[in-house]
Amino acid sequence: MIRLKTIELVDSIESFGSVPTGKLLINTINAHSYNTALKDGQFAEALVGGDVLVPYGASILA
């Protein structure tokens with residue numbers, strides 16, 4: 001199962017300061033990808049396995 005409260009999201013300009021420089025794998029998460037991750041463990045692993053996870057959409061930030 002994927003729990004957003006346990007995943008560190010890059011959710012503000014300030015949090016970009018902690019992002020490493022160089023090549024990165026940047027993933028985005030929206031409501032659809034969150035729901036897909038709940039049902040598909042491999043997708044969830046790929047989603048959170050990148051270097052940066054950026055929320056996309058008001059439903060994720062709320």
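Residues numbered from 1 in each chain as written. Predicted model: local features only at pLDDT ≥ 70, side-chain atom pairs only at ≥ 80, totals over all residues. Heavy atoms only, no water.

### Digging into the overall build of the protein chain
Thinking step 1. In terms of helices and strands, the protein chain carries 3 helices and 2 strands.
Thinking step 2. Secondary structure elements in the protein chain, listed N-terminal to C-terminal, are β-α-α-β-α.
Thinking step 3. Taking all 62 residues of the protein chain together, 26% fall into the buried category.
Thinking step 4. A separation threshold of at least 6 residues defines the contact pool for the protein chain, and within that pool the share at least 24 residues apart is 74%. (Helix = DSSP H or I, 4+ residues; strand = E, 2+ residues; numbered from the N terminus. Buried < 20%, exposed > 50% of the residue type's maximum accessible area, 1.4 Å probe, protein only. Contact = heavy atoms within 4.5 Å.)

### What to know about the layout of surface pockets
Space left empty within the atom packing is revealed by a probe, the size of a water molecule, rolled over the atoms.
Thinking step 1. Estimated volume of the largest pocket: approximately 170 Å³.
Thinking step 2. Together, 13 residues line the largest pocket, and Glu8, Val10, Asp51, Val52 and Leu53 are the ones closest to its centre.
Thinking step 3. Residue classes in the lining of the largest pocket are distributed as 8 nonpolar, 3 polar and 2 charged. (1 Å grid on protein atoms, 1.4 Å probe; cavity = no way out; pocket = protein on both sides within 12 Å on 5 of 7 lines; lining within 4 Å. Points joined across faces, edges and corners; volume = space filled by probe spheres on them. Nonpolar A, V, L, I, M, F, W, Y, C, P; charged D, E, K, R; others polar.)

### What about the side chain of Asn27?
Thinking step 1. Topologically, Asn27 is positioned in strand E1 (residues 26-29).
Thinking step 2. Separated by 3.1 Å, the side chain of Asn27 and the backbone oxygen of Ala46 make a polar contact.
Thinking step 3. Within the structure, Asn27 has its side chain in polar contact with the backbone oxygen of Leu47 (distance 2.9 Å).
Thinking step 4. Residue contacts for Asn27: discarding those within four places in its chain leaves Ala46, Leu47, Gly50, Val52, Leu53 and Val54. (Polar contact = N/O pair within 3.5 Å; in protein donor to acceptor, adjacent residues only side chain to side chain.)

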